[in-house]
Amino acid sequence: MSADPFAQFKAVQREGWASFSPLATFTTPAAAALVEFAGVRAGQALLDVACGTGVVAVTAARLGARVRGLDLSPVLLEDARRSAALAAVEIEFTEGDAEKLPYADASFDVVLSQFGHMFAPRPQVAVAEMLRVLKPGGRIAFSTWPPELSVGRMFTLVAKYLPPPPGAAAPPDWGDPAVVRQRLGDAVSGLEFDRDDMIVPSLSPRHSRVNMELTAAPVAKVVEKLQSEPERLAAFRAELEELFGQYWARNRVRQSFLMTRAVKR
Ligand SMILES: C[S@@+](CC[C@H](N)C(=O)[O-])C[C@H]1O[C@@H](n2cnc3c(N)ncnc32)[C@H](O)[C@@H]1O
């Protein structure tokens, strides 16, 4: 048996996130916000953790940073490599786990993660790894979904229908500044927060729900699991549509997210 009790959970995530690419259209503007918030400069060695299709990595590389990106999903990494080639930047993309980064201690000036490391099941393991590979005086910054807003509430709804393995943290906890402060603890100084908005075009709350079923791994997994329970599946879908309805107006869904930055001591 694997020594890592979360290995099966990550194997499911690795397959599930393969359909995420269409959503990168909406994480692209957010990537610019995070890169700016982190103060990325040319020449810095930078790691994008859970990089997906590489929107943060490519944004930073176009500013002249020396970038590496890591993600669980080999399918998304292929998209990331195509995107870097299109941008004419060199980025080393590696398949791997945020909880076990394949880099030496103090390798990077900047470590970023956009809506990414929040899905690692053990926050303290992921954050310890991100800080381990960061140089003292280097900057860690990430964007996360707050628990009290649309996407955070969607993940809470997902957990109601498909509970995570025992001991796994809830991803939107990373969107609570008090939790972030506690998790980064004394390892950092200069902790600061900001917020930004993501606007997702959508013809109706139902369009939003279907879009999530097709692209967001945790939502797709609930739908797959409830195929043999049509009544519960209908209830889940109704709850998700009702939730999106609270944020939908004028053919768009507005979703605010939290940005965090800090300096490693
Ligand atoms: C919502 S997507 C965000 C992708 C990208 N950062 C962006 O902003 O477009 C979440 C990403 O986290 C990755 N992921 C989830 N768990 C991970 C883990 N334990 N280690 C590395 N990547 C992980 C998924 O494969 C997926 O690419």
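One can find the structure itself at the top, above this paragraph.
Read on for an overview of the structure. This structure is a prediction, so every number in the text was calculated from the model and none was measured. (Residues numbered from 1 in each chain as written. Predicted model: local features only at pLDDT ≥ 70, side-chain atom pairs only at ≥ 80, totals over all residues. Heavy atoms only, no water.)

### Considering the packing of aromatic side chains
Applying the stated criterion to the full structure yields nine aromatic pairs. Geometrically, the ring pair formed by Phe119 and Phe155 is edge-to-face, given 5.2 Å between the ring centres and 70 degrees between the ring planes. With Phe119 in the loop between strand E4 (108–114) and helix H5 (123–132) and Phe155 in helix H6 (residues 150–161), this pair connects stretches of sequence that are 36 residues apart. Take Phe119: its relative accessible area is 10%, and that puts it in the buried class. In this structure Phe155 comes out as buried when scored by relative accessible area, which is 8%. Grouped by ring-pair contacts, the aromatic residues Trp17, Phe20, Phe119 and Phe155 constitute a single cluster. Of note, Arg183 hangs over the ring of Trp174, and the distance from its end group to the ring centre comes to 4.8 Å. Cation over ring: Arg261 sits above Phe37, and NZ or CZ is 4.4 Å from the ring centre. (Phe/Tyr/Trp six-rings, centres within 6.5 Å; stacked < 30°, edge-to-face > 60°. Helix = DSSP H or I, 4+ residues; strand = E, 2+ residues; numbered from the N terminus. Buried < 20%, exposed > 50% of the residue type's maximum accessible area, 1.4 Å probe, protein only. Lys NZ or Arg CZ within 6 Å of the ring centre and 35° of its normal.)

### Points about the pairing of strand E5 (residues 134–144)
Across six bridges, the pairing between E4 and E5 is parallel. Each residue of the ladder has a partner; that of Ser113, found in E5, is Phe142. With H5 bridging E4 and its parallel neighbour E5, the resulting β-α-β unit is right-handed. Taken together, the six bridges between E5 and strand E8 (residues 252–264) define a ladder with antiparallel strand orientation. (Pairing = 2+ DSSP bridges. Right-handed = clockwise from strand over helix to strand, strands pointing away.)

### Considerations on unusual backbone geometry
Positive phi outside glycine occurs at Arg250, with the angle close to 50 degrees. Among the secondary structure elements, Arg250 is positioned in the loop between strand E7 (248–249) and E8. Backbone geometry at Asn251 places phi at a positive 60 degrees, although glycine is not the residue there. Secondary-structure assignment places Asn251 in the loop between E7 and E8.

### Quick notes on the environment of Val158
Within the secondary structure, Val158 is located in helix H6. In this structure, the C-alpha to C-alpha distance between Val158 and Pro218, residues 60 residues apart in sequence, is 6.8 Å. Residues within four places of Val158 in sequence aside, it is in contact with Pro218, Val219, Val222 and Phe236. (Contact = heavy atoms within 4.5 Å.)

### Details of the pairing of strand E3 (residues 91–95)
In terms of strand pairing, strand E2 (residues 66–71) meets E3 through five bridges, oriented parallel. Directly across from Arg68, in E3, lies its bridge partner Glu92.

### A closer look at the side chain of Glu241
Note that Glu241 resides in helix H10 (residues 230–245). Among the residues examined, Glu241 registers a relative accessible area of 16% and is labelled buried. Side-chain polar atoms of Glu241 contact the side chain of Arg209, separated by 2.8 Å. Sequence-distant contacts of Glu241, defined by excluding residues within four places in its chain, comprise Pro205, Arg206 and Arg209. (Polar contact = N/O pair within 3.5 Å; in protein donor to acceptor, adjacent residues only side chain to side chain.)

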